Amino acid sequence: MYINGMASIAAQTEEDLFAENLQSFSENIFPATSVNYKEYIKPMMLRRMSKTIKMGLVTAKRALNEAGVDVPDSIIVGTGEGCKQDTEKFLENILDENESFLTPTAFIQSTHNTVGGQIALDLKCTGYNMTYTQNSASFESALIDAKLQFTEEMGTRCVLVGGVDEIARISTPFYNLDGQLKAGEINTAKILQSSSEGTITSEGAAFFLLSEIRTQDSFAEISDCMIYRNISEEKLQEEISWFLKKNDLKIDELDVVILGNNGDTRYDHYYQQLQEDLFKNTLQLGYKNWVGDYNTVTAYACWLGAEILKRKEIPQQLKLNNLPLKQPTSILVYNQYLGKNHSLTLLRSL
Amino acid sequence: MPIMTDLHTELKASIIEQLNLEDMEVSDIENDEPLFGDGLGLDSIDALELIVLLEKDYGIKLTDPKKGREIFESINKMADFIEANRTK
Amino acid sequence: MSRSVAVTGMGIFSAIGKNLEENHRSLIHGKHGLSYPEILETVHQNLPIGEIKSTNSDLADALNLDKNHAFTRAALLGTIALKEALQNAKIEDFINIGFVNGNSVGGMDMTERFYREYESNPANRRFIQAQHPGFTTEQIAGYFGIDNYVTTISTACSSAANAVMLGARLIQSGRLDQVIVGGTDCLSRFTLNGFNSLMIYSEDFPKPFDSERKGLNLGEAAAYLVLESADFAKNKEVLGYVSGYGNANDAFHQTASSENGEGAYLAMQKALETANLNPHHIDYINAHGTATQNNDLSESRALIRIFKEMPAFSSTKSFTGHTLAAAGAIEAVFSLLAIKHQQIYPNLNFNSAISDTRLRPVTELKSTKIQHVLSNSFGFGGNCTSLIFSKDE
């Protein structure tokens, strides 16, 4: 699947990423960088939109713009928590007003498929439209669907695929109460070296316009994607070797692996084991200490991988090991969260 | 000088707040301007919001959402309806 | 369709029965499951709902769950329904079978209960993660040990129908040979009040396609189909085939359907195309038929655009209420029961046709030859999906 256009929003800007100027935070929940949404969305539409929808719609439009496409054939969205803030709003109204005087806007905006629906509405796209909400494999589920579409004879030529999630005022901090977030003093830049449980979280979106055939706009490829709800470390290693082999790559031919280490000592062993063994001679990159961990952060990781392949440059601050690298041609993104929903995504240069 | 009672101003302020019309001021809405369609550009979801506003702030319960479009035609129409039917 | 997609097992739990047999009996006896809230704690005691009269405790006991389980009500219903489906399909390999679950309410039933106590009381914090649909899917998958390809689709009322469609595509592509598809959703104050605030919730029992229809009534349910490729289905009883599917977006309005039902029309057209069938091949349509003013009119218009001669149709939501994400799955089961028993289930509470369209659904149980069934599911966000199920000949 050829990437003809893409865009992302995260806690770090693209400029800072490649200028080695990444920002550190002292909170375990930090927001994405702000965007001038008014440039892309009319005020009468914007007034109702949650951040999830705004981030999703803007990155989708930017990706389409870059690819020179007005209306894609299909729209496939991955989101773990959907429009969390509107869900919170409607729920609080119910609890505060004891189920009376309730206004519908927050309810309508709260369903997980609102992003996909809003994008379709904005573009007047009547094509295939889907939303996946499989926690940290939401974006990958969307990619697998996109890949399926290109093998079927339905006339699909280009698919808009993306991942988006937002933080919410009250419900995201609940993750401090169930051990998902790290307690104590936080310095996000150094979180991967931490020796405690929990991680940090943020929000963001990344959308891609994928094309069946390579065009002059294509700059990288998402070759393949697999998800596993539950897998042991041993089986994981076997699967990775099989996955690469299926795509005509040997382990030592893989240039870069982007890993999802997030500083949670309970689960980072999945990554560390690979770092010490299978990938000890591969350039390893980590990113969650800069953009946090959230269900669809791997969409950002894919954007990052594609950006690296496009620019032929590696942001130094992301390196987890110190191997030199000339020009990356293949990148594997591996992720899991809380030991579940493992995913492998392979990107290649053209 | 257009007739502007407290109710007219109150309604405009409520509408701006309830419907999230962020960049608008009370002075931006005319009393006889169409609220739906071509004027202010409100839609059917906004109509439902206004129905709740009628009940919550003025004690008027509308059971038929279709009646809403007539009542919400303009600030003047709304104010007239509320004056005639309010229980709060 | 090149590689056939066989249905080898089904399971269902709804307000009209806790398994296939009970559901079927209710359908043939015209016995609906609408009642008033008893388990759901809501101020709206006057709103009919399709409530399953089992408490979470009852359901957890039936599954032998630990006292400190973190199963949402949707996960409890889903696990029970899935058990039946897997038994019927005689599935032995749970690790590699795929699982596509439709769910939209997630664990909101728990969230709304504990939201205000999480801070002060640690007792129920294990439900914090349960809010979102993916967690419910994981609970169900974890119970059976389904470890590989597992995903959740959340497209409101078309979720489970989309799950069936995805499962069929995964098998046709050769990516999987066996996959469980379906959905689950439970009642919650959130959704009850949500639809009520849209002024589309009826205070009477649902009257799909009737000129006097007043809106929808929510229900809760779970249902699953086991889909297998031809090779794997070889020595099994085939209940039917998923022979066609179509997904389109109305792109008209966030919650309302377009006047001429464009999304619905495109979805049905695509389903017929993929099935390589013409409209006159359809023997029965299990309509989306929520009984809202908007859906029933717009769906009717879309049906008229496709079918020169209208086949027999009915909305079984008159039996179960609108079960949101599970709707596409329970209706798939009803469509396959229709094929198995060669009968059409009635559209209850119907008196007079919508004047614009004059369409009359089937109102009494009817025995008739059924080869192909079309099932519609249309949701918020303009998500429209149509499925075609065909008899094993």
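What counts and what doesn't
- Residues numbered from 1 in each chain as written.
- Chains lettered and ligands numbered in written order.
- Predicted model: local features only at pLDDT ≥ 70, side-chain atom pairs only at ≥ 80, totals over all residues.
- Helix = DSSP H or I, 4+ residues; strand = E, 2+ residues; numbered from the N terminus.
- Rg over C-alpha atoms; globule rule 2.2 N^0.38 Å.
- Buried ≥ 20, exposed ≤ 12 C-beta atoms within 10 Å, placed from the backbone.
- Contact = placed C-beta atoms within 7 Å.
- Expected span 1.5 Å × (residues − 1).
- Nonpolar A, V, L, I, M, F, W, Y, C, P; charged D, E, K, R; others polar.
- Axes fitted to C-alpha atoms, helices over the stretch in contact; angles between N-to-C directions.
- Parallel < 35°, antiparallel > 145°, perpendicular 65-115°, else oblique.
- Left-handed = near helix turned anticlockwise from the far one by under 90°.
- Domains from an automatic or database assignment.
- Pairing = 2+ DSSP bridges.

By the naming in an unreviewed UniProt entry, chain B goes by Acyl carrier protein and is assigned to Zunongwangia profunda.

(A) Representation of the overall build of chain A within the structure. When helices and strands are tallied, chain A shows 11 helices and 10 strands. Taking 2.2 N^0.38 as the reference for a compact globule, 350 residues should give roughly 20 Å; the C-alpha atoms of chain A span a radius of gyration of 19 Å, in line with that estimate. Along the first, second and third principal axes, the C-alpha set of chain A runs to 60 × 50 × 35 Å. Scored against the burial criterion, the 350 residues of chain A give a buried share of 59%. Sequence-distant contacts, at least 24 apart, represent 79% of the contacts inside chain A between residues at least 6 apart.

(B) Examining helix α8 (residues 233-246) of chain A more closely. With 14 residues, α8 of chain A should reach 20 Å at 1.5 Å per residue; the first-to-last C-alpha distance of 20 Å fits that figure. A positive backbone phi angle near 60° is found at D248 of chain A, which sits one or two residues after α8 of chain A.

(C) Just the interface of chain A and chain C, in detail. Taken together, the contacts link 49 residues of chain A with 54 residues of chain C. Residue assignment for the side of chain A that touches chain C shows that the elements contributing at least two residues are α4 (84-96), α5 (105-110), α6 (114-123), β3 (128-132), α7 (138-151) and β6 (220-228) of chain A. Residues of the side of chain A that touches chain C, tallied by class, amount to 22 nonpolar, 19 polar and 8 charged.

(D) Quick peek at the environment of T172 of chain A. All names here are of chain A. Tracing the backbone through its elements, the reader meets T172 in the loop between β4 (158-165) and β5 (204-211). Sequence-wise, T172 and T201 are 29 residues apart; in three dimensions their C-alpha atoms are separated by 8.6 Å. Those residues within four positions of T172 in sequence are excluded, and the remaining contacts are I29, I167 and T201.

(E) Structural view of the packing of helix α9 (residues 262-275) of chain C against helix α10 (residues 293-306) of chain C. Residues and elements named next belong to chain C. Viewed as axis vectors pointing N to C, α9 and α10 meet at an angle of 40°, and their least axial separation amounts to 8 Å. With respect to α10, the element α9 is oriented oblique. As for the relative orientation of α9 and α10, their crossing is right-handed in sense. Residues A264, Y265, M268 and Q269 of α9 form the contact with α10, whose participating residues are S298, E299, A302, R305 and I306. Among the residues making up the contact of α9 with α10, the classes are represented as 5 nonpolar, 2 polar and 2 charged.

(F) Up close: the domain arrangement of chain A. All names here are of chain A. Along its sequence, chain A is carved into domain 1 (2-211) and domain 2 (221-348). The centre of domain 1, based on its C-alpha atoms, is set 21 Å off from the matching centre of domain 2. In this complex, domain 1 contributes 49 residues to the contact, which on the side of domain 2 involves 35 residues. Going through the elements one at a time, β1 (2-9), α1 (14-18), α7, β4 and β5 are the ones with two or more residues in the side of domain 1 that touches domain 2. Per element, the largest residue contribution to the side of domain 1 that touches domain 2 is 7 residues, and it comes from α7.

(G) Representation of the pairing of strand β10 (residues 340-348) of chain A within the structure. Residues and elements named next belong to chain A. With 8 of 9 residues buried, β10 lies mostly within the body of the structure. The sheet contact formed by β6 and β10 spans 7 bridges and is antiparallel. For I222, the partnering residue across the bridge sits in β10 and is L347. In the sheet, strand β9 (residues 330-337) pairs with β10 via 7 bridges, with the strands oriented antiparallel. Directly across from S330, in β10, lies its bridge partner R348. Linkage of β9 to β10, two consecutive antiparallel strands, is achieved through a turn of 2 residues, within which L338 is found at a positive phi near 55°.

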